[in-house]
Each structure stands twice: as C-alpha cells, then as structure tokens.
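# Results of the structural survey
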Amino acid sequence: VRNPGVEALADSEVGADSTAKIRWLLLPVILLLLLALAEPVRHGKPMPAKAAPVDIVLLVDVSVSMSLRDYELDGERVDRLTMAKRLLDRFAEEFRGERLGIVVIGTPSAIWTPPTGDRSLVRHLIGRLQLTMASRNAAIGDALALTAEHFAGERPPVVILISDAALPLGRLSPLEGAARLDDVNMTLYSIAIGAADLSAAEQGTSGLIYSPANLPLLEQIAERTGGRLFHAEDAEGMLQALDWIDTTHRSEHPAVDAPRLQQPLYAWPLALAGLLLAAWPWWSERQSKRVAG
C-alpha cells in the first residue's frame, strides 16, 4: 500500500539532500575559478641579463713620437698614428656599445668629442686627427686626469689609451693620472703603439731618434685601475684588443632581481573546475537511480 505522506517526505528529503550536495559542489568550483582568476605562476631561473651598453673614451696620442714609421699596413710602411687612425675608424664603425668619445693627448690635452652615439661624427673626427695637433709632447697624466674630471658619473666609461708613452710630460705623472681614474671607478686599458725594441726602426732619415713603445709604463698605469696592457704589434693585434675590451665590458651576470621566466598555472584550477561541472550531471543521474532503486 502506497503512503502518499511517506513518499512526499522521502521526496523532500531527496530534494534537500540534492540541494546540499549542489552547494558542496559549487563551493570548490567557485574556489577553483577564483584561483584561476588570480593567475598563479611558477617562477623559473633568472633570465639571462642583456649585455649593458658600454661607453668608451679613446685617448689618442698625437705627439711627435707617433710619427715613427714602424708598422706595415696593407704592404705600406706607415707611422704609428696612421695605423691607429685606420684601425680606430674600423672599430668605431663596428662598435657594439652605446657611445664613443675621444680625448686628444697633447700639452695641453683636449676633449675632441664627449661620448656620443653618432658614429659618423666619431669616424669623421678620427680622420681629422693629425700629428702634433696638440703640441709635440704627450701629457699622458694630465689627459687621464682630464678624463676622470669630465666623465665621472654613475656609469663611468671604459678608458682606452692608445699611445707609445715615449715622451710622457705634463703636470701629473702617468701614474698620478691613473690614480685619478681609479678614484672615480674608471678602468683604463693601454694599447701600446709601436715596436718594443729597436729592430723595427726605419732605415733612413726621419729627423727623430727612434724610441720603442714604453711597455712597462703603459702596463703600470693600466694595472693601477684594474685594467691591462695590450701590445698592438700589428693591425690584427690592435683590433683583437679593442674587440676584447668591448666584449668584456658588455658581459654581465644576472642581478639578484633579474627577471625570471614565468610559467602560468591558471589552466590547472580552471580545468579542474570544468571537470567537476562536467561530471556533475553524470554523478547526479547515478545518485537518482540509486535512490529510485
């Protein structure tokens, strides 16, 4: 005998049970959707730091000793300044940093151009360098102090001295000038122009007593700032030195706060919420059959 009252009570209990189960289902679904909206990510290793641009100031010796012809370039006997100018022009053309500046070493020394990103201007000014344009002597120490005074800042440039250091004069000694650079955290590299001994002296009347490049002095002033000496024994040697300096000062290690690779994780809670919603009709139907049975 069917009892309508009992059946109604049973139906109401089933309905209440279903409503409670729907609520328990919606709660984790809502939480999962909120988690997906928060866009969680997993941080990976720091991304490689991009090479920072580097400013370079070229200090070029134009004293009378740079007229000595102890180089061969393209089968031609050339003086030290001519050789330096040709290779500096090529370096300026291929420079991968941000800005280049030029200081002419003489008595007194002068800023030929402050660091600039205009490569055409830099190449033009390199081409205009002339022997003894800033007097016959090279006040290397004063030129280094001038560079330290005018170009010090938060991002100090790298200083490259192109000289034979044969006749260093001036108010400051080269080592005192290097100390001024070191005080403002500038690194100096010396590129020695000229042969290291008398064997390369030009046969003939040049009007000058041949003087080799002063390698010990150039090495001392470079090491005073944490730099090093390169000897441009030939054209290739000077280009390799310039490229090494440029490349070395563009290489940086990732900082502590460097950007990190990020893998988004929102898809996981979103997919789980979708699975719960998709499974609900199947689970509800199964429960209904169980109650009916």
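What counts as what
- Residues numbered from 1 in each chain as written.
- Predicted model: local features only at pLDDT ≥ 70, side-chain atom pairs only at ≥ 80, totals over all residues.
- Heavy atoms only, no water.
- Helix = DSSP H or I, 4+ residues; strand = E, 2+ residues; numbered from the N terminus.
- Buried < 20%, exposed > 50% of the residue type's maximum accessible area, 1.4 Å probe, protein only.
- Contact = heavy atoms within 4.5 Å.
- Areas by Shrake-Rupley, 256 points an atom, 1.4 Å probe, with all protein chains shown as cover.
- Axes fitted to C-alpha atoms, helices over the stretch in contact; angles between N-to-C directions.
- Parallel < 35°, antiparallel > 145°, perpendicular 65-115°, else oblique.
- Left-handed = near helix turned anticlockwise from the far one by under 90°.
- Salt bridge = Lys/Arg side-chain N within 4 Å of Asp/Glu carboxyl O.
- pLDDT = per-residue confidence, 0-100.
- Pairing = 2+ DSSP bridges.
- Phe/Tyr/Trp six-rings, centres within 6.5 Å; stacked < 30°, edge-to-face > 60°.
- Lys NZ or Arg CZ within 6 Å of the ring centre and 35° of its normal.

What the chain contains, in helices and strands, is eight helices and ten strands. A buried classification covers 38% of the 293 residues belonging to the chain. Sequence-distant contacts, at least 24 apart, represent 80% of the contacts inside the chain between residues at least 6 apart. Counting only carbon and sulfur atoms, one obtains 56% of the accessible surface of the chain, whose full area is about 16700 Å².

Now for the packing of helix α2 (residues 80–94) against helix α7 (residues 235–248). Remark: α2 packs on α7, axes separated minimally by 10 Å, with the N-to-C direction vectors making an angle of 40°. Classified by the angle between their axes, α2 and α7 sit oblique to one another. Taken as a pair, α2 and α7 cross one another with a handedness that is right-handed. Along the contact surface, α2 presents Met83, Ala84, Leu87, Leu88, Arg90 and Phe91, while α7 presents Ala235, Met238, Leu239, Leu242 and Asp246.

Summed over all chains, the structure comprises 13 salt bridges. Put simply, Arg123 and Asp89 hold a salt bridge, and the shortest N to O gap is 2.9 Å. Residue Arg123 is located in helix α3 (residues 119–127), and its partner Asp89 is located in helix α2; the two are separated by 34 residues in the primary sequence. In this structure Arg123 comes out as partly exposed when scored by relative accessible area, which is 30%. Judged by relative accessible area, which is 23%, Asp89 ranks as partly exposed. In the salt-bridge network here, residues are joined through shared partners; they are Asp55, Glu98, Arg99 and Arg155.

Overall, the prediction assigns the chain a mean pLDDT of 80, with 75% of residues at 70 or greater. Residue range residues 6–10 is modelled with pLDDT below 50. Its contacts to residues more than four positions away, or to other chains, number one contact. Here residues 252–256 scores under 50 on pLDDT; set against residues more than four positions off or in separate chains, the count is eight contacts.

With that settled, the discussion passes to the sheet that holds strand β7 (residues 158–163). Backbone-to-backbone hydrogen bonds pair the strands of a sheet. The strands run either parallel or antiparallel. Ordered in space as β6-β5-β2-β7-β8-β9, the six strands form an open sheet in which the pairing is mixed. Two strands lie at the open edges of the sheet, namely β6 (110–116) and β9 (229–232), each paired on one side alone. The average undirected angle you get between the axes of adjacent strands in this sheet is 15°. In terms of strand pairing, β7 meets strand β8 (residues 188–193) through five bridges, oriented parallel.

Time to look at the packing of aromatic side chains. By the definition in use, this model includes four aromatic pairs. Where Phe91 meets Phe95, the ring centres are 5.5 Å apart and the plane angle is 55°; that geometry is what we call tilted. With a relative accessible area of 4%, Phe95 lands in the buried category. Both rings, one in Tyr189 and one in Phe230, keep their centres 6.3 Å apart while their planes meet at 40°; by these two values the pair is tilted. Highlighted residues: Tyr189 in strand β8 and Phe230 in strand β9, separated in sequence by 41 residues. With respect to burial, Tyr189 and Phe230 carry one shared label: buried. Grouped by ring-pair contacts, the aromatic residues Tyr189, Phe230 and Trp244 constitute a single cluster. When the ring centre of Trp244 is taken as origin, the NZ or CZ atom of Arg228, which lies over that ring, is 4.9 Å away.

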